[in-house]
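Structural overview
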Amino acid sequence: MTGPTVSVIIPTCNRPQLLIRALESVFSQTCLPDEILVVDDASAVSYREVLERYSSEGRAELLYHRLERRGGGSAARNVGAELSRGEILMFLDDDDTWQPSKVEGQLRV
């Protein structure tokens, strides 16, 4: 399926284990996005292991941006939207997952 470029924006804060589940659901899509932006809302924990785990996936570009001051989920989403290159933006919270055909289904609409 070819079409518009898709960016997935995932705000996160101090929940690397939940982020793993969210990323797994994105990397398991039947139609992968072009980029995934993880926006860290000034976490006190490191996401290095999580990002290294997925940086070699090679299926969709994984980008990470850390906010210096906590601004909340909305601020993290807004920063992700500003940094994204996709024509279509999709948002996923770090404590949520997607069904495998979510991206494909939305692109059809």
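What counts, and where the lines are drawn
Residues numbered from 1 in each chain as written. Predicted model: local features only at pLDDT ≥ 70, side-chain atom pairs only at ≥ 80, totals over all residues. Heavy atoms only, no water. Helix = DSSP H or I, 4+ residues; strand = E, 2+ residues; numbered from the N terminus. Rg over C-alpha atoms; globule rule 2.2 N^0.38 Å. Buried < 20%, exposed > 50% of the residue type's maximum accessible area, 1.4 Å probe, protein only. Contact = heavy atoms within 4.5 Å. Expected span 1.5 Å × (residues − 1). Axes fitted to C-alpha atoms, helices over the stretch in contact; angles between N-to-C directions. Parallel < 35°, antiparallel > 145°, perpendicular 65-115°, else oblique. Left-handed = near helix turned anticlockwise from the far one by under 90°.

Moving on, we get to the overall build of the protein chain. Helices and strands together make up the secondary structure of the protein chain, namely 4 helices and 4 strands. Mapped from its N terminus to its C terminus, the protein chain presents α and β elements in the order β-α-β-α-β-α-β-α. For a compact globule of 109 residues, the expected C-alpha radius of gyration is about 13 Å, and the protein chain comes in at 13 Å, within 12% of that figure. Taken over the C-alpha atoms alone, the protein chain extends approximately 40 × 25 × 20 Å along its principal axes. Sorting the 109 residues of the protein chain into buried and exposed places 41% on the buried side.

For Leu89, the location among the structural elements is in strand S4 (residues 88–91). When the C-alpha positions of Leu89 and Phe27 are compared, they lie 16 Å apart, and in sequence the two are 62 residues distant. If near-sequence neighbours (up to four positions away) are discounted, Leu89 is found in contact with Ser7, Ile9, Ala81 and Ser84.

Another point: unusual backbone geometry. Glycine aside, residues mostly have negative phi, and peptide bonds are mostly found in the trans state. A positive phi is found at Asn14, a non-glycine position, where the angle reads about 60 degrees. With respect to the helices and strands, the residue Asn14 is situated in the loop between strand S1 (6–12) and helix H1 (16–27). A positive phi is found at Ala42, a non-glycine position, where the angle reads about 60 degrees. Mapping Ala42 onto the fold places it in the loop between strand S2 (35–40) and helix H2 (48–55). Here Ala42 falls in the buried class, since its relative accessible area comes to 14%.

Bringing H1 into the picture now. Think of an α-helix as turning once every 3.6 residues; residues three or four places apart then point the same way. Over its 12 residues, H1 runs 16 Å from end to end, which matches the ideal 16 Å to within 8%, given 1.5 Å per residue. Here H1 has its buried residues at Pro16, Leu19, Ile20, Ala22, Leu23, Ser25, Val26 and Phe27.

Let us look at the packing of H1 against H2. Following both chains from N to C, one finds H1 and H2 inclined at 15 degrees, their axes separated by 10 Å at the closest point. As judged from the angle between their axes, H1 and H2 are roughly parallel. Relative to H2, H1 is oriented so that their crossing is right-handed. Judged by residue contacts, Pro16, Leu19, Ile20, Leu23, Glu24 and Phe27 of H1 engage Val50, Arg53 and Tyr54 from H2.

Honestly, it's all geometry; don't read function into it.
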